[in-house]
Amino acid sequence: MNIHLAFGPLVALIAGILILLMPRLLNYIIALYLIIVGLVGLFGTHGWPFN
């Protein structure tokens, strides 16, 4: 049985949970999310184990 996880939705889920638990982290979580999504968009996910 294979389970395929997409990177963006997984990060969004984790960020959403952290924001609910600690609302002060909202700025940092959004900044990290945008940086990660931007890097993945620029360089792609070729060869990553998450594919």
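Quick caveat: nothing in here was measured; it's all calculated off a predicted structure.

Cut-offs and rules
- Residues numbered from 1 in each chain as written.
- Predicted model: local features only at pLDDT ≥ 70, side-chain atom pairs only at ≥ 80, totals over all residues.
- Heavy atoms only, no water.
- Helix = DSSP H or I, 4+ residues; strand = E, 2+ residues; numbered from the N terminus.
- Expected span 1.5 Å × (residues − 1).
- Patch = residues over 30% accessible without salt bridge, like charges linked within 9 Å, V, L, I, M, F, W, Y side chains within 5 Å.
- Areas by Shrake-Rupley, 256 points an atom, 1.4 Å probe, with all protein chains shown as cover.
- Salt bridge = Lys/Arg side-chain N within 4 Å of Asp/Glu carboxyl O.
- Buried < 20%, exposed > 50% of the residue type's maximum accessible area, 1.4 Å probe, protein only.

By the element assignment, Ala 12 lies in helix α1 (residues 7-21). Note: C-alpha distance between Ala 12 and Ile 30 (18 residues apart in sequence) is 9.3 Å.

Another point: helix α2 (residues 26-43). For α2, spanning 18 residues, the distance from its first C-alpha to its last is 26 Å, which sits close to the expected 26 Å at 1.5 Å a residue. Following α2 by one or two positions, Gly 44 has its phi on the positive side, about 80°.

Turning to a nonpolar patch on the surface, a few remarks are in order. On the surface, Leu 32, Ile 35, Leu 39, Leu 42 and Phe 43 cluster together to form a nonpolar patch covering roughly 580 Å² of accessible area. Inspection of the secondary structure assignment puts Leu 39 in helix α2. The partly exposed category is assigned to Leu 39, whose relative accessible area is 43%.

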